[in-house]
Amino acid sequence: MSEFSKALSVSTSGLQAQSSRLRHLSENISNADTPGYRRKTVPFQTAFAAGSGISNVEVGRVSLDDRPLERVFDPSHPMADGSGHYDGSNVDLLIELADAREAQRSYEANLKMFEQARQMSSGLMQLLRR
Amino acid sequence: MFQNLTVFETAYAMAVHAGQKQAVVAQNVANADTPGYVGRDLPSFQEIYAPKEHGATVQRATRPGHVLGAVQQGADGMMTEDRSFAAPDGNTGSIETEMLRATDAKRQHDRSLAIYKSALNIVRSSLGRQ
């Protein structure tokens, strides 16, 4: 495998990881008002590729956030208990939005790396032209 | 005389090094959000490129597949860890630094291709073809 295809493959793995992170983030945001919903967190880990020297990034097991659910006071809610509270979700929109912005930034950085590796290899191909 | 032109060998070695550097930078960018990831870096071309005994220069081979030079150590051995910046989650990569390195790699690659092309033009014109 040449260096350029390694660079392209590791950039692709970064793009995939970031987009799967963004997918789970949007799932969290859309379920921010679902009672009992726990936010999902996406761990990133390094995939060890034997021999190639370049290690891709991959998404590990998605886990649920252990923070306590928010207690919402609404006596008219069908799920409300004796004190008039029910369990909301533990999604903090501010955290999700900041995370989404970071994911977008990393996605763009990976895209830039991909584009640059492509430019370099096409520059190499230009040598064959007269 | 034209069997083994040093300028072509040097330009080739420089382009190979730029490609390796690009792959390492792409790996760092892809792992920019992986907790505990330690960024990798390659020594600069000037440090790697070692003169041969009889005057001509040769690139140090980094793995058995390389044609030029003798293997001194593995590609992983040549990679150095960069711990200049560490986030709270143990990640030492910084996208800004990587962008700078990527631009360096691209410039080095462009430069080596320009040298190669210009040397090729000289050889071509010495053959009397335009």
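Sequence order as written defines the numbering, with residues in each chain counted from 1. Chain letters start at A and ligand numbers start at 1, both assigned in the order the entries are written. It should be noted that, the model being predicted, local features are given only for residues of pLDDT at least 70 and side-chain atom pairs only at 80 or more, the latter also being counted only at that level, while totals for whole chains, interfaces and linings use all residues. Computation of side-chain values: all heavy atoms of the structure, hydrogens and water removed.

Asker: Even after reading the chapter, I still don't get the overall build of chain B, so can you show me in this structure?
Answerer: By the criteria applied, helices consist of DSSP H or I runs no shorter than four residues and strands consist of E runs no shorter than two, each listed in order from the N terminus. Along its length, chain B carries four helices and four strands. For chain B, the N- to C-terminal ordering of α and β elements is α-β-α-β-β-α-β-α. Buried residues are those whose accessible area, probed at 1.4 Å on protein chains only, stays under 20% of the maximum for their type, while exposed residues exceed 50% and partly exposed ones sit between those limits. Counting all 130 residues of chain B, 46% fall into the buried class. Within chain B, contacts between residues separated by at least 24 positions form 64% of all contacts whose residues are at least 6 apart in sequence. For chain B, the exposed area adds up to about 7100 Å²; of that, 55% sits on carbon and sulfur atoms. Note on contacts: a residue pair qualifies if any of its non-hydrogen atoms lie within 4.5 Å across the two residues. With residues, only the protein chains shown are counted as cover, and all accessible areas are computed by Shrake-Rupley using a 1.4 Å probe.

Asker: Could you clarify how one ought to interpret helix α4 (residues 95–126) of chain B in this entry?
Answerer: Spacing of three or four residues puts side chains on the same side of an α-helix, whose turn is 3.6 residues. Taking 1.5 Å per residue, 32 residues should reach 46 Å; α4 of chain B reaches 46 Å between its end C-alpha atoms and fits that length. Positive backbone phi, at 90°, marks Gly128 of chain B, one or two positions downstream of α4 of chain B. A helix is expected to reach a length of 1.5 Å times the quantity of its residues less one.

Asker: What's the story with the environment of Val42 of chain A in this structure? I'm lost.
Answerer: Residues and elements named next belong to chain A. Counting through the fold element by element, Val42 comes out in the loop between β1 (40–41) and β2 (44–46). Residues Val42 and Arg129, 87 residues apart in the sequence, show an inter-C-alpha distance of 46 Å. Excluding residues within four positions of it along the chain, Val42 makes contact with Ser20, Arg21, His24 and Val59.

Asker: Would you mind showing me how to read the confidence of the model for chain B here?
Answerer: Residue and element names in this part refer to chain B. Per-residue confidence from the predictor is given as pLDDT, running between 0 and 100. For chain B, mean pLDDT is 78; residues scoring 70 or higher make up 75% of the total. Element-level mean pLDDT values for chain B span from 53 in helix α3 (residues 75–78) up to 92 in α4. The low-confidence segment residues 69–76 (pLDDT under 50) makes 16 contacts with residues lying over four places distant or belonging to another chain. For this predicted complex, the interface confidence reaches an ipTM of 0.83, while the overall pTM sits at 0.80.

Asker: Looking at this model, I keep getting lost on the pattern of salt bridges. Mind explaining?
Answerer: Opposite charge on two side chains makes pairing possible when the charged atoms of those side chains draw close. Definition used for salt bridges: Asp or Glu carboxyl oxygen within 4 Å of a side-chain nitrogen of Lys or Arg. Applying the stated criterion across every chain, the model contains 15 salt bridges over all chains. The closest approach of N and O atoms between Arg39 of chain A and Asp65 of chain A, which form a salt bridge, is 2.9 Å. In this pair, Arg39 of chain A is assigned in the loop between α1 (3–30) and β1 and Asp65 of chain A in the loop between β4 (63–64) and β5 (71–73), connecting sequence segments 26 residues apart. The burial state of Arg39 of chain A is the same as that of Asp65 of chain A; both residues are buried. Salt-bridge contacts for Arg105 of chain A lead to Glu96 of chain B; the nearest nitrogen and oxygen are separated by 2.7 Å. You can see Arg105 of chain A sitting in helix α2 (residues 93–126) and its partner Glu96 of chain B sitting in helix α4, one on each of two chains. A relative accessible area of 41% means that Arg105 of chain A is categorised as partly exposed. Overlapping salt bridges, with partners in common, bring together Arg21, Asp99 and Glu102 of chain A together with Asp33 of chain B in one network.

Asker: In this structure, what is going on with the nonpolar core? I would like to understand it.
Answerer: Within soluble globular proteins, side chains that are nonpolar tend to cluster in buried spots. Membership of the largest hydrophobic core comes to 22 residues, with the highest contact counts inside it found for Ile54 and Met113 of chain A. Counting residues per element, the ones that place at least two in this core are α1 and α2 of chain A together with α1 (6–30) and α4 of chain B. Considering every element that reaches this core, the biggest residue donor is α1 of chain B, with six residues. Setting aside residues up to four positions removed in sequence, Met113 of chain A forms contacts with Ser11 of chain A together with Gln22, Val25, Ala26, Val29, Met99 and Ala102 of chain B. Among the buried residues, those of types Ala, Val, Leu, Ile, Met, Phe, Trp, Tyr and Cys that are joined through side-chain atoms within 4.5 Å form a nonpolar core.

Asker: Just checking my understanding: could you explain the interface of chain A and chain B for this structure?
Answerer: Interfaces are often sized by the amount of accessible area the parts lose when they come together. Contacts between the two partners involve 33 residues from chain A, matched on the other side by 32 residues from chain B. Buried area between chain A and chain B, both sides added, is near 2800 Å², and the carbon and sulfur share of it is 60%. Applying the counting criterion to the chain A and chain B interface returns two salt bridges. Each polar contact in these results corresponds to two N or O atoms within 3.5 Å; when the atoms are within protein, one needs to be able to donate a hydrogen and the other to accept it, and residues that are neighboring in sequence are counted only if both atoms are side-chain atoms. For the interface between chain A and chain B, the tally reads nine residue pairs in polar contact (both at pLDDT 80 or more). Counting only elements with at least two residues in the side of chain A that touches chain B, the list comes to α1, β2 and α2 of chain A. Grouping the constituent residues of the side of chain A that touches chain B by class yields 12 nonpolar, 14 polar and seven charged. Reported buried area values correspond to the accessible surface (1.4 Å probe) lost by two parts on association, with both partners' losses combined. Under the grouping applied here, Gly and all other residues not named as nonpolar or charged are polar, the nonpolar ones being Ala, Val, Leu, Ile, Met, Phe, Trp, Tyr, Cys and Pro and the charged ones Asp, Glu, Lys and Arg.

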